[in-house]
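The lines below spell out each chain.
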Amino acid sequence: MRIPLPPVPLPDKLVDVAREFEEGRQEPAEPRDAATVILMRPSADGPEVYYMRRQVSMDFAGGMCVFPGGGVDKRDFDTTVAWAGPSPSDWAARLGCDEETARALVCAAVRETFEESGVLLAGTSETNVVADTTADDWEADRVALESRELSLTDFLNRRGLVLRTDLLGVWDAWLTPIFEPKRYRTWFFVASLPSGQVTRDVSTESSSVDWIPARVAAEQADAGDLALMPPTYLTSMEVGEHESPEEVLAVAASRSVEMFTPSVEPLGEGWTLSMPDRLRPLVAARRRP
């Protein structure tokens, strides 16, 4: 499946529908909070990123390659979770949300990464990180988390682990356009694959997984060989501008984000969806002959 890449000309019918929502003639769907993690490891072509190809049957982004992530669960709001790294108030300032939501987003980011890749950003103290999560008992816990039979707090407490929130960085935040029937407020995090840990194809929502250098993933999307949603494509393109995961994390350390909602804007004689201004030069450079 090929997804047109930004800037994408919009059909007149979709532009008319978008205007109905913008003018208040239709009621937008209520968005759900979500977190996604750009999981990286070094390569000769810059940061290599873990992509999951979603099952074609999925009702949202079916067939697309995405980063691990998902919606915030009510148990992600548990204030008793073992925590190391920046405080929830620090995260709230960087994520542009209230402290309660920030705590839940960070917990969701760590939980979803473990559920969908087998990678766990946690350790027995604030200075170490789990080195191997491939044993059968880890897999049993991962499945229990995924099925909601086990909460993240109980999982960490039972194993004597603390959430290593300092292993995460903030990258971006996207809200699905108002005219979409299913909408998400998604915060994008970045993280490096911890030493000793390996990713596994474990997600029930994906048909396959791949490690691809971010810049190569953007090039494959340009060529129509990789199906990426616009935010995933733009993020891959931007991350691919850097030479290593460490460089990406250094940039993330200085970032705070505001939620960006694509809106309809002019494109030549037609219309397209907007993108963050900082990404326009990168997209323009890729579109030059």
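One can find the structure itself at the top, above this paragraph.
The structure contained in this document is the topic of the report that follows. The structure presented is a predicted model; accordingly, all values stated were derived computationally and were not measured.

**Concerning the overall build of the protein**
Link 1 in the chain: When you go through the protein residue by residue, the secondary structure sums to nine helices and twelve strands.
Link 2 in the chain: The C-alpha radius of gyration computed for the protein amounts to 19 Å, which stays within 12% of the reference 19 Å derived for 289 residues, consistent with globular compactness.
Link 3 in the chain: The principal-axis extents of the C-alpha atoms in the protein amount to approximately 60 × 45 × 40 Å.
Link 4 in the chain: Taking all 289 residues of the protein together, 53% fall into the buried category.
Link 5 in the chain: Restricting to contacts in the protein with at least 6 residues of sequence separation, those with at least 24 account for 73%.
Link 6 in the chain: In the structure as shown, the protein presents an accessible area of about 12900 Å², 50% of it carried by carbon and sulfur atoms.
Link 7 in the chain: The positive charge centre, built from 29 side chains, and the negative charge centre, built from 48, are 2 Å apart in the protein.

**Looking at the sheet that holds strand β5 (residues 83-84)**
Strands belonging to one sheet form pairs held by backbone hydrogen bonds; the direction of such a pair is parallel or antiparallel.
Link 1 in the chain: Spatially, β5-β7-β6 is the arrangement adopted by the three strands of the open sheet, whose pairing is mixed. Among the strands making up the open sheet, the edge pair consists of β5 and β6 (122-123).
Link 2 in the chain: In this sheet, strand β7 (residues 162-164) lies alongside β6 in antiparallel orientation, the contact comprising two bridges. In the strand pairing of β7, Ala122 is matched with Leu163.

**Observations regarding the environment of Val209**
Link 1 in the chain: Examined against the element boundaries, Val209 turns out to sit in strand β10 (residues 206-213).
Link 2 in the chain: If we ignore the near neighbours within four places in the chain, the residues touching Val209 are Tyr50, Tyr51, Met52 and Asp201.

**Observations regarding the nonpolar core**
A general feature of soluble globular proteins is that nonpolar side chains tend to end up buried together.
Link 1 in the chain: Core analysis: the largest hydrophobic core is formed by 46 residues, its most contacted members being Trp91, Leu95, Leu120, Phe155, Leu168 and Phe189.
Link 2 in the chain: Of all the secondary-structure elements, those providing two or more residues to this core are β1 (32-41), β2 (48-54), α2 (88-95), α3 (99-117), α4 (136-146), α5 (152-159), β8 (169-175) and β9 (184-192).
Link 3 in the chain: Broken down by element, the residue count for this core peaks at nine residues, all from α3.
Link 4 in the chain: Filtering out sequence-adjacent residues up to four positions away, Trp91 remains in contact with Trp83, Pro86, Ala102, Val106, Thr165, Leu168, Val170 and Phe189.

**Description of the pairing of β9**
Link 1 in the chain: Most of β9 sits out of view: seven of its nine residues are buried.
Link 2 in the chain: Taken together, the nine bridges between β1 and β9 define a ladder with parallel strand orientation. Bridged to Leu39 within β9 is Ala191.
Link 3 in the chain: Taken together, the six bridges between β8 and β9 define a ladder with antiparallel strand orientation. Its bridge partner being in β9, Trp174 is matched across the sheet by Thr186.

**Some thoughts on the pattern of salt bridges**
Link 1 in the chain: Scanning the model with the defined rule gives 24 salt bridges in all.
Link 2 in the chain: Across the salt bridge formed by Glu48 and Arg41, the nearest N and O atoms sit 2.7 Å from each other.
Link 3 in the chain: Here Glu48 falls in the buried class, since its relative accessible area comes to 13%.
Link 4 in the chain: Looking at Arg41, the relative accessible area reads 29%, which means it is partly exposed.

**A word on the side chain of Glu265**
Link 1 in the chain: Summarising the element assignment, Glu265 is placed in strand β11 (residues 264-267).
Link 2 in the chain: In terms of polar contacts, Glu265 uses its side chain to reach the side chain of Arg280, at 3.0 Å.
Link 3 in the chain: Once residues within four sequence positions are removed from consideration, Glu265 is found in contact with Gly270, Trp271, Thr272, Leu273, Ser274 and Arg280.

**So, the side chain of Thr235**
Link 1 in the chain: Mapping Thr235 onto the fold places it in helix α7 (residues 230-239).
Link 2 in the chain: A polar side-chain atom of Thr235 sits 2.7 Å from the main-chain carbonyl oxygen of Pro231.
Link 3 in the chain: Thr235 has contacts with Ile38, Phe67, Trp171 and Phe188, leaving out every residue within four places of it along the chain.

**Points about helix α8 (residues 245-253)**
Link 1 in the chain: When we look at burial in α8, the residues that qualify are Pro245, Val248 and Ala252. Across the axial projection of α8, the buried residues extend over an arc of 60°, all falling on one side. Those residues of α8 that are exposed and aimed more than 90 degrees away from the buried face are Glu246, Ala250 and Ala253.

**Thoughts on the packing of aromatic side chains**
Link 1 in the chain: Under the defined criterion, the tally for this structure stands at eight aromatic pairs.
Link 2 in the chain: Pairing Tyr51 with Phe67 gives two aromatic rings, centres 5.5 Å apart and planes at 40°, and the pair type is tilted. Here Tyr51 is found in strand β2, whereas its partner Phe67 is found in the loop between β3 (65-66) and β4 (69-71), with 16 residues between them in sequence.
Link 3 in the chain: Here a set of aromatic residues connected by ring pairs shows up, and it is made of Tyr51, Phe67 and Phe188.
Link 4 in the chain: The ring centre of Trp138 lies 3.6 Å from the NZ or CZ of Arg159, which sits over that ring.

Calculation notes
Residues numbered from 1 in each chain as written. Predicted model: local features only at pLDDT ≥ 70, side-chain atom pairs only at ≥ 80, totals over all residues. Heavy atoms only, no water. Helix = DSSP H or I, 4+ residues; strand = E, 2+ residues; numbered from the N terminus. Rg over C-alpha atoms; globule rule 2.2 N^0.38 Å. Buried < 20%, exposed > 50% of the residue type's maximum accessible area, 1.4 Å probe, protein only. Contact = heavy atoms within 4.5 Å. Areas by Shrake-Rupley, 256 points an atom, 1.4 Å probe, with all protein chains shown as cover. Lys, Arg positive; Asp, Glu negative; His and termini not counted. Charge placed at Lys NZ, Arg CZ, Asp CG, Glu CD. Pairing = 2+ DSSP bridges. Core = buried A, V, L, I, M, F, W, Y, C linked by side-chain atoms within 4.5 Å. Salt bridge = Lys/Arg side-chain N within 4 Å of Asp/Glu carboxyl O. Polar contact = N/O pair within 3.5 Å; in protein donor to acceptor, adjacent residues only side chain to side chain. Arc of directions from axis to C-beta. Phe/Tyr/Trp six-rings, centres within 6.5 Å; stacked < 30°, edge-to-face > 60°. Lys NZ or Arg CZ within 6 Å of the ring centre and 35° of its normal.

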